[in-house]
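# Notes for the structure review
Next come the chains, spelled out residue by residue.
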Amino acid sequence: MAVMRKAGVTCCVIFFALLGPMLWAEQAGMAGSQSQETAEQRSERLQWWNAARFGMFVHWGVYSVTGGEYKGKMPTNSAEWMMNKARIPIADYKTENVDKFNPTEFDAKAFVELAKEAGMKYLVITAKHHDGFAMFHSKCSPYNVVDATPFGRDIMKELADACAEQGIRFGFYYSQCQDWHHPGGMGNSWDKTIERVSFDEYVREKAVPEAKQLLTDYGPISIFWWDTPREMSKEAFESLHGVTALQPGIITNDRLGKNSPGDYKTFERNIPRLAPAGQDWEVCMPISGSWGYKKSDTNFKSASTLIRNLADIASKGGNYLLNVSPTGEGTLLPEAVDRLKAIGRWMKTNSESIYGTTASPLGRLAWGRCTKKEVGDGTILYLHVFDWPEDGELLVPGLKSQIEQAYLMADSTALETRRQDSGIVVALPARAPDSINSVVVLKVRGALDIEAGLAMPNEEGSLVLSADVAYIHNNEGADQARVQHQEDTPNIGYWTDENAWVEWSFQVDRPGQYEIIAELAVEQDSSRFLVDLPDQQGLVEVASTGGYGNYVHRSLGKFSIDKAGKCSLRIKPDKGHWQPINLRKLVLKKQ
Ligand code: FHN
């Protein structure tokens, strides 16, 4: 047995690591408009955003003239990175792209109409991307769409006006650190003609004045979407952060500075398997492979993927910011238009199951996803059925509540429900109304009564209790322990608090002896915890596995379970002998 050290040592290290973002958050709060905000005011400010669930992201810049191609070569990255990847000198970028940017087909009104038709409630567009080119009439740099291109129109103004007219919330993307054109901007290491000035000078001369202008001259701006945070001076950070105060009520993302949380967390391209605890969040994702228009990019996601992504994200309480890429003519490719229209058709029938919903109260659902709305003293559950059951029986596992009404969202057909031990069964018609995602509406009377997802034994009688189906008793987040992901696999981590414990409920078909094997990682020394089953408890000590990323399978011993039926297993830190562990799963092997 390894010599045990006081748990506090490891806890402190992790705790300090967690303090970083909090300090930045305080700093950010001091500099910004929302410094004195209460939790209630904050949730009011984000109310529209949380209800929206679906927005349009637009990456549009002068790189679209050549569709991401430079002198016959197509760099592998997203098209908006063409200047960087092909190491294009500023002078060449001007003649090849800026001087030729003339998207005469662009129609802001029609563009916003399409976003609206798709069911999107907000639109965020690249006012300036890393190439440093302003897609608006910048007052501080002639390197902008009005002064430097044959087009000569302020695209941001046209879109801001069209959004205001059509009731779509409008936001700007702004690349505050990378600017491959300004001599103080970050990122351009290839153009040796640049006579360097400091980053702070760039922030003073360009980034702050441009951000100010965007937040002053373009009407109500609902979102400011910073990108690619880098280390910067406190002055630079505060001056950039401070400008957002120009628009009271504005919402910002988490990409202004390193460790600056903004109002919400961003995920890029991928949907997290589990929602981040206690945070607002958004997934941004290109409709095809590239953010900016790229001629060679035919990698469009299917309408089915996009519709299911939207339901998946909403079922976890997040927003979907779906990116489109206008061409050099100012239009979207038919592939993108078709997909937006397909989403719009689905939303026409089903948007009630997306807008204003919150995360699913149910565990993992084999057939699809669930979103929820609280109405009066009841709850509506929207069951997003991706895989229509062949036997016509849809099991809502763990649901115990009384069902007031059940019907198909597509045509209001009433559906029969019945209760069984494992949950509520909804009787469905033979054919799914929608092959991609059919929504079944369940109106539940009174408070929701749900039994945490019951893990079921496999054919050999073994049970797998994974981190993502555990119930974490962490006093609503006050005690540290939560589900996180490493290499895309969930684990219960940040378990720095001896008061936090976890519990699984499962079904036992065959009572008897079970060996419990844990997949876990322990950073240092050893950690002791209680394995608590109804018929047997045992203190177990596990030695260090060499690091939080070093997962091993360790037997925790043999335990007996005397009765068949519902059972629960708890893992509780042994106070004073606890070192944080990362726990991926327990496997209960029938002996
Ligand atoms: O480098 C950019 C990229 O071009 C694109 O704008 C995405 C959108 O989230 N953000 C950056 C990478 O994180």
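Residues numbered from 1 in each chain as written. Predicted model: local features only at pLDDT ≥ 70, side-chain atom pairs only at ≥ 80, totals over all residues. Heavy atoms only, no water.

### A word on the nonpolar core
What counts here: Residues belong to a common nonpolar core when they are buried Ala, Val, Leu, Ile, Met, Phe, Trp, Tyr or Cys residues joined through side-chain atoms within 4.5 Å. The buried label goes to any residue with under 20% of its type's maximum accessible area, the exposed label to any with over 50%, and the partly exposed label to all in between, with areas taken from a 1.4 Å probe on protein chains only. Boundary definitions for the domains trace back to an automatic or database domain assignment. The contact rule is simple, with two residues in contact once any of their heavy atoms fall within 4.5 Å.
Among the nonpolar cores identified, the biggest contains 98 residues, and L123, I155 and L340 are the most heavily contacted of them. Inspection of this core shows a minimum of three residues originating in each of domain 2 (51–353) and domain 3 (368–445). L123 has contacts with M56, V58, F111, V112, A115, C163, I168, R169, F170 and G171, leaving out every residue within four places of it along the chain. Of all hydrophobic cores here, the second largest spans 35 residues; its members include A467, I492, L569 and I581.

### Describing the packing of aromatic side chains
Convention followed: Pairing of aromatic rings covers Phe, Tyr and Trp, the last through its six-membered ring, and needs centres within 6.5 Å; plane angles under 30 degrees mean stacked, over 60 mean edge-to-face, and all others mean tilted. Comment: elements are numbered from the N terminus, with helices defined as DSSP H or I runs of at least four residues and strands as E runs of at least two. Criterion for a charge above a ring: Arg CZ or Lys NZ at most 6 Å from the ring centre, at most 35 degrees from the ring normal.
Counting across every chain of the model gives 23 aromatic pairs. Consider the rings of F136 and Y218, whose centres lie 6.2 Å apart with planes at 90 degrees: the pair is edge-to-face. Residue F136 is found in the loop between β2 (122–128) and α7 (145–148), and its partner Y218 is found in the loop between α9 (199–214) and β4 (223–227); the two are separated by 82 residues along the sequence. Each residue in the set W60, F101, F106, F111 and F151 is aromatic and connected to the rest through ring pairs, giving one cluster. The ring of Y355 has K121 sitting right over it, with the charged end atom 4.4 Å from the ring centre. Against the face of Y551 rests R584, its NZ or CZ located 3.7 Å from the ring centre.

### Overview of the state of the cysteines
Under the convention used in this document: By definition, disulfides here are pairs of cysteine sulfur atoms that lie within 2.5 Å.
Under the definition given, this model contains zero disulfides. C177 supplies the cysteine sulfur nearest to C140, a cysteine that is in no disulfide, at a spacing of 16 Å. C284 takes part in no disulfide bond, and the closest cysteine sulfur, belonging to C177, lies 17 Å away. On the basis of relative accessibility, which here comes to 1%, the residue C284 falls in the buried class.

### Regarding unusual backbone geometry
Even without being a glycine, R87 presents a positive backbone phi close to 50 degrees. Along the chain, the position of R87 falls in the loop between α4 (82–85) and α5 (90–96). R87 gets classed as partly exposed once you look at its relative accessible area, which sits at 47%. Although it is not a glycine, T228 adopts a positive phi angle of roughly 45 degrees.

### Quick look at the site of the ligand
Using the following cut-off: We define proximity as follows: a residue is near a molecule or strand when any one of its heavy atoms falls within 4 Å of that partner. Pairs of N or O atoms within 3.5 Å make up the polar contacts considered here, provided that, within protein, one atom can donate a hydrogen while the other can accept it, and that residues adjacent in sequence are counted only when both atoms are side-chain atoms. Per-residue and other accessible areas were derived by the Shrake-Rupley procedure at a 1.4 Å probe size, with only the shown protein chains allowed to occlude residues. Residue polarity is assigned by list, with Asp, Glu, Lys and Arg as charged and Ala, Val, Leu, Ile, Met, Phe, Trp, Tyr, Cys and Pro as nonpolar; anything else, Gly included, falls into the polar class.
In the neighbourhood of the ligand, 14 residues make up the surrounding shell, with H59, E80, H129, D227 and E268 lying closest. Separating a nitrogen atom of the ligand from a side-chain N or O atom of D227 is a distance of 2.5 Å. Here an oxygen atom of the ligand and a side-chain polar atom of E268 are 2.8 Å apart. In the complex, 88% of the free accessible area of the ligand, which totals 330 Å², lies under the protein chains. Residues belonging to the shell around the ligand are distributed by class as follows: six nonpolar, four polar and four charged.

### Things to note about helix α10 (residues 234–243)
Inclusion rule: Directions pointing from the helix axis toward each C-beta atom define the arc.
Among all positions of α10, only A236, F237, L240, H241 and V243 are buried. When α10 is viewed along its axis, its buried side chains cluster within an angular range of 160 degrees and face the same direction.

### A few points about helix α8 (residues 155–166)
Stated formally: Expected helix span is computed as 1.5 Å times (number of residues minus one).
In this model, α8 (twelve residues) spans 16 Å end to end at C-alpha, consistent with the 16 Å of a helix rising 1.5 Å per residue. Turning to α8, the residues buried within the fold contact α6 (108–117), β2, α7 and β3 (169–175). The residue sitting at the N-terminus of α8 and contributing the capping side-chain oxygen is D154; that oxygen lies 3.1 Å from the backbone nitrogen of M156. One or two residues past the end of α8 sits G167, with phi positive at roughly 70 degrees.

### Points about the domain arrangement of the protein chain
Segmentation of the protein chain into domains returns domain 1 (3–15 + 455–590), domain 2 (51–353) and domain 3 (368–445). Domain 1 and domain 3 are separated by 33 Å when their C-alpha centres are compared.

### Section: the pairing of strand β18 (residues 482–486)
Inclusion rule: Criterion used throughout: strands pair if DSSP finds at least two bridges between them.
Sheet analysis places β18 next to strand β19 (residues 489–493), joined by five bridges and oriented antiparallel. Bridging from a neighbouring strand, V483 pairs with I492 of β19. Between β18 and the antiparallel strand that follows it, β19, lie two residues; E487 among them carries a positive phi value of about 45 degrees.

### Things to note about the side chain of H130
Along the chain, H130 turns up in the loop between β2 and α7. For H130, a relative accessible area of 1% gives the class buried. Within the structure, H130 has its side chain in polar contact with the side chain of S175 (distance 2.8 Å). Once residues within four sequence positions are removed from consideration, H130 is found in contact with W81, Y173, S175, Q178, D179, W180, D227 and T228.

### Here's the deal with the pattern of salt bridges
Our working rule: Each reported salt bridge corresponds to a side-chain nitrogen of Lys or Arg within 4 Å of a carboxyl oxygen of Asp or Glu.
Counted according to the given criterion, the structure contains 28 salt bridges. A salt bridge links K206 to D179, with the shortest nitrogen-to-oxygen separation between them at 2.9 Å. With K206 in helix α9 and D179 in the loop between β3 and α9, this pair connects stretches of sequence that are 27 residues apart. Residue K206 shares its accessibility class with D179, and that shared class is buried. Between E541 and R528 there is a salt bridge, with its nearest N and O atoms 3.4 Å apart. With a gap of 13 residues between them, E541 in strand β23 (residues 537–543) and R528 in strand β22 (residues 526–532) connect regions that are remote in the sequence. Residue classification places E541 among the partly exposed positions, given a relative accessible area of 22%. Through salt bridges with shared partners, a single ionic network connects E503, D532, R570 and K572.

### Looking at the sheet that holds strand β6 (residues 265–268)
Put simply, the test is: The axes are straight lines fitted to the C-alpha atoms, using for helices just the contacting stretch, and the angles between their N-to-C directions are given from 0 to 180°.
A sheet is described by the order of its strands in space; here eight strands give the open sequence β5-β4-β3-β2-β1-β8-β7-β6, paired in parallel fashion. Strands at the two margins of the open sheet, each flanked by one partner only, are β5 (251–252) and β6. Strands β2, β3 and β4 of the sheet are contacted by α9, whose axis makes an angle of about 170 degrees with β3.

### Some words on the environment of W226
Summarising the element assignment, W226 is placed in strand β4. For the pair W226 and S544, spaced 318 residues apart in sequence, the C-alpha separation works out to 41 Å. Non-local contacts of W226, meaning those with residues more than four positions away in its chain, are made with Y174, Q176, L240, V243, T244, T252, N253, R255 and L256.

### Considering the confidence of the model for the protein chain
Applied cut-off: Per-residue confidence from the prediction method is given by pLDDT, with values spanning 0 to 100.
Mean pLDDT over the protein chain works out to 91, with 93% of the residues at or above the 70 mark. This model gives residues 1–33 a pLDDT under 50, and the stretch forms 51 contacts once residues within four places in sequence are excluded.

### Considerations on the sheet that holds strand β15 (residues 438–445)
Strand pairing in a sheet relies on backbone hydrogen bonds. The paired strands run either parallel or antiparallel. The four strands lie next to each other as β9-β10-β15-β12, forming an open sheet whose pairing is antiparallel. The sheet is open, and its two borders are formed by β9 (368–375) and β12 (402–408), each paired with just one other strand. For this sheet the average axis-to-axis angle between neighbouring strands, irrespective of direction, equals 20 degrees. Sheet topology note: the β12/β15 ladder contains six bridges and is antiparallel. By the bridge assignment, Q402 is partnered in β15 with R445. Helix α11 (residues 303–315) contacts β9 and β10 (378–385) of the sheet and is inclined by roughly 50 degrees relative to β9.

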